[in-house]
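Each chain is listed here by its residues.
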Amino acid sequence: METRVAQRRERIYVDGEWLETDDAITVSDLADGGSFARIDAAGPAEARTALEAAHARKPELRQTTVVERAKWCEAIAEGLRERSEELAEVIVREAGKPISSGRGEVESAAERFDRAAEEARNIVSKGEFREGSTDGHEGWQAIVKHEPIGAVLCITPYNYPLATTALQVAPALAAGNSVLLKPASKTPISAAILADVISEVDGIPDGAFNFVPGEASEIGDVLAGDDRVNAIAMTGSSGAGKHIARESGMVNLHMELGGNAPAIVFDDADLEDVAGNCAKGSFKYAGQRCSAVSRVVAHESVHDEIVDLLEDEMDAWQPGDLFEEGTTVGPLISADQADWVQELVDDAVAKGAELVRGGERRAPEGVPDDLADQFFEPTLLANVPHDARIVDEEQFGPVAAVTTFSDEEEAVEIANGSDLALDAAVFTNDYKRAMRVADLVDAGAVRINGAPSHGLGDVPFGGNKDSGIGREGLDASIHEMMREKSIVL
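Computed from a prediction, not measured in an experiment: that's the story for all the values here. (Residues numbered from 1 in each chain as written. Predicted model: local features only at pLDDT ≥ 70, side-chain atom pairs only at ≥ 80, totals over all residues. Heavy atoms only, no water.)

*Asks:* I'd like to hear about unusual backbone geometry, residue by residue, with values.
*Replies:* Positive phi is not limited to glycine here, since A286 has a value of about 55 degrees. Residue position: A286 is located in the loop between α10 (271-283) and β14 (293-299). The exposure class of A286 is buried, given its relative accessible area of 1%. Backbone geometry at F396 places phi at a positive 55 degrees, although glycine is not the residue there. Counting through the fold element by element, F396 comes out in the loop between β16 (379-382) and β17 (399-405). F396 sits in the buried class, given a relative accessible area of 15%. (Helix = DSSP H or I, 4+ residues; strand = E, 2+ residues; numbered from the N terminus. Buried < 20%, exposed > 50% of the residue type's maximum accessible area, 1.4 Å probe, protein only.)

Written out as structure tokens, the structure is:
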């Protein structure tokens, strides 16, 4: 297959102007090999210009109405839908997603802007009125209203380059904040198209939205450590999140970080349903999701049957041409990520896990040589010992690792043994046990009889321990990006 040449050139967008720099980031084409785009890279000078623009725009944005801001979000949603095919193709190429997933992500992003408009209207229209209820304050009356927090720095990941960006930018704009968007360096092109859409929306003041692609090592600390930033919304690794937290100072941190979701399977569960859910949870987007099912914690009496059913499900999760509608698995984001997955699989096998299927770097026929090393076979491990690293560490790869427990207490102990506590799942037909175990598992969200999923953000989600700070979701994020003011009469 012939390697593609770079075709697109995107720029920085700061204070209403498109800027070019001498440095650029080359974006790999994970569908056809080579590269398909270059984007100008912001350095410290451009980052500081963006910070100043966002800071200067706070007073003007504070005076905007929720009706105005809702119209902005609705116009952005319409603009994304008008460019949906272009965006879907870009997501396929930069993130390595199958085309069906790319199209779904575009619609999800557009709907998040629509929903943010609705949620902002609801929050602002539900201000509180309170009266004094303690001695000496009987005559007090107060209005509690919501106002923008200021300037929001959005740091977005590579795995959902448009949908997660929308989940951060839409609530920030709807709440009346200025925005600085720093996308993942591996997948900045869909965010550049979003910036273009926003730049065309009537009424959004210059400086209200600023797009600063660049290497984290060059501009990350400049942005996160600046006092003019009032809130940081970030999705990424736990290590990166801890670094940002150390640099940021007195700001509102809103972080969804690493995950290692356990799926606890009791012996009374519908095992065919378990297998279908866990296969999707483990293999969708080649496992590169914070909510992926990273370990299946199965009762020892049903371990073998679950493994057999999971192996049957794997036929539906195989790599192929990303532009074919039936393709379900693509490459990993980089060869380094494939190295990491291989390291965890090898560690598990060395400690006694059974390699049932997969376990190797293997690309489908016709894949360019420069992409071949980024493919990791969908892999099934059985009888994984509890001390294997894959039981506790985030893998971000297409691996279903099945381990066992003997009783409910041990199941909870295994689930809670990781420093990561983002998502979990419990499979059982016993309602009381489902609720009891869900309460005991340390995770930001627990799904009963289904694989973890965050959807559009209808319910709050986020992590405990090293998996994050705060909660995301359309309503939850807007609340995080506003502050309450009490006006006492």
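That shown, we press on.
*Asks:* For helix α4 (residues 84-95), give the residues involved together with the corresponding values.
*Replies:* Over its twelve residues, α4 extends 16 Å from the first C-alpha to the last, a length consistent with the 16 Å expected when each residue adds 1.5 Å. For α4, the complete set of buried residues consists of L87, A88, V90, I91, V92, R93, E94 and A95. Once α4 finishes, G96 follows within two positions and takes phi at roughly 75 degrees, a positive value. (Expected span 1.5 Å × (residues − 1).)

*Asks:* Lay out the pattern of salt bridges in plain terms, naming residues and giving numbers.
*Replies:* Applying the stated criterion to the full structure yields 35 salt bridges. Notably, a salt bridge pairs D40 with R9, separated by 2.7 Å at the nearest N-O pair. In this pair, D40 sits in strand β5 (residues 35-40) while R9 sits in strand β1 (residues 8-10), placing the two residues 31 residues apart along the sequence. A relative accessible area of 45% places R9 in the partly exposed class. Between E343 and R389 there is a salt bridge, with the nearest N and O atoms lying 2.9 Å from each other. Taken together, the residues E343 in helix α12 (residues 335-350) and R389 in the loop between β16 and β17 connect sequence positions 46 residues apart. On the accessibility criterion, E343 (39% relative accessible area) is partly exposed. On the basis of relative accessible area, R389 is assigned to the partly exposed category, the value being 24%. A cluster of three or more residues bridged by salt bridges with shared partners is formed by R8, E10, R83, E86 and D196. (Salt bridge = Lys/Arg side-chain N within 4 Å of Asp/Glu carboxyl O.)

*Asks:* Can you explain the sheet that holds strand β19 (residues 423-427)? Please cite residues and give values.
*Replies:* The strand order across the open sheet built from seven strands is β15-β16-β17-β14-β13-β19-β20, with neighbouring strands paired in mixed fashion. In this open sheet, the two edge strands, each paired with only one partner strand, are β15 (354-357) and β20 (445-448). Between one strand and the next, the sheet's axes are offset by a mean angle of 25 degrees, whatever the strand orientation. For β14 and β17, the ladder comprises four bridges, and the chain directions are parallel. Paired with V297 across the strands is T403, a residue of β17. Here helix α14 (residues 408-415) sits on the sheet and contacts β13 (261-265), β14 and β17; the angle it forms with β17, its principal contact strand, is near 140 degrees. (Pairing = 2+ DSSP bridges. Axes fitted to C-alpha atoms, helices over the stretch in contact; angles between N-to-C directions. Contact = heavy atoms within 4.5 Å.)

*Asks:* Provide a residue-level description of the domain arrangement of the chain, including the pertinent values.
*Replies:* By domain assignment, the chain separates into domain 1 (12-257 + 467-488) and domain 2 (261-448). Computed from C-alpha coordinates alone, the two centres of domain 1 and domain 2 are separated by 31 Å. The interface of domain 1 with domain 2 comprises 27 residues on the first partner and 27 residues on the second. When the buried area of domain 1 at its contact with domain 2 is split by residue, L30, Y158 and S467 rank highest and sum to 27% of it. Connecting domain 1 to domain 2 are one salt bridge. Residue E325 is joined to R103 by a salt bridge in which the shortest nitrogen-to-oxygen separation is 2.6 Å. The set of elements that each furnish at least two residues to the side of domain 1 that touches domain 2 consists of α4 and α5 (99-125). Here the side of domain 1 that touches domain 2 takes five residues from α4, the largest share from any one element. A per-class count over the side of domain 1 that touches domain 2 returns nine nonpolar, eight polar and ten charged. (Domains from an automatic or database assignment. Buried area = accessible area lost by both parts, 1.4 Å probe. Nonpolar A, V, L, I, M, F, W, Y, C, P; charged D, E, K, R; others polar.)

*Asks:* Describe the UniProt feature "domain: Aldehyde dehydrogenase" (unreviewed entry) in the chain, with residues and values.
*Replies:* Per the UniProt record, the feature "domain: Aldehyde dehydrogenase" (unreviewed entry) sits at residues 19-487. What you have in residues 19-487 is 40% helix and 20% strand, and the ends, taken at the C-alpha atoms, are 42 Å apart. (UniProt positions renumbered as here; feature names shortened; annotations may be inferred.)

*Asks:* How would you summarise the UniProt feature "active site" (unreviewed entry) in the chain if you had to cite specific residues and measurements?
*Replies:* Feature annotation in UniProt assigns "active site" (unreviewed entry) to the following positions: E256. Relative to the elements of secondary structure, E256 occurs in strand β12 (residues 252-256). Since its relative accessible area comes to 4%, E256 is described here as buried.

*Asks:* Explain the environment of I448 to me, and be specific about the residues and the numbers.
*Replies:* Within the secondary structure, I448 is located in strand β20. For the pair I448 and Y13, spaced 435 residues apart in the sequence, the C-alpha separation amounts to 43 Å. Excluding residues within four positions of it along the chain, I448 makes contact with V426, A434 and A438.

*Asks:* Residues and numbers for the confidence of the model for the chain, please.
*Replies:* Model confidence for the chain is summarised by a mean pLDDT of 95, while 99% of its residues fall at 70 or above. In the predicted structure, residues 1-5 sits below a pLDDT of 50 and forms 17 contacts with residues beyond four places in sequence or in another chain. (pLDDT = per-residue confidence, 0-100.)

*Asks:* Just give me the short version of the nonpolar core, but keep the residues and values in it.
*Replies:* Ranked by internal contacts, the top residues of the largest apolar core, which has 74 residues, are I76, L80, F113, V169, I198, F209 and F211. Looking at which element gives the most residues to this core, the answer is α5, with nine residues. Here this core gathers at least three residues from each of two domains, domain 1 (12-257 + 467-488) and domain 2 (261-448). Non-local contacts of L80, meaning those with residues more than four positions away in its chain, are made with L87, V106, A109, A110, F113, L194 and V197. If you look at the next biggest cluster of nonpolar residues, it comprises 56 residues, including L271, V391, A400 and F427. (Core = buried A, V, L, I, M, F, W, Y, C linked by side-chain atoms within 4.5 Å.)

*Asks:* Any chance you could break down the environment of S217 for me, citing the residues and the numbers?
*Replies:* Mapped onto the elements of the fold, S217 is located in helix α8 (residues 216-224). Overall, S217 belongs to the exposed group, its relative accessible area being 70%. C-alpha separation for the pair S217 and I12, spaced 205 residues apart in sequence, amounts to 17 Å.

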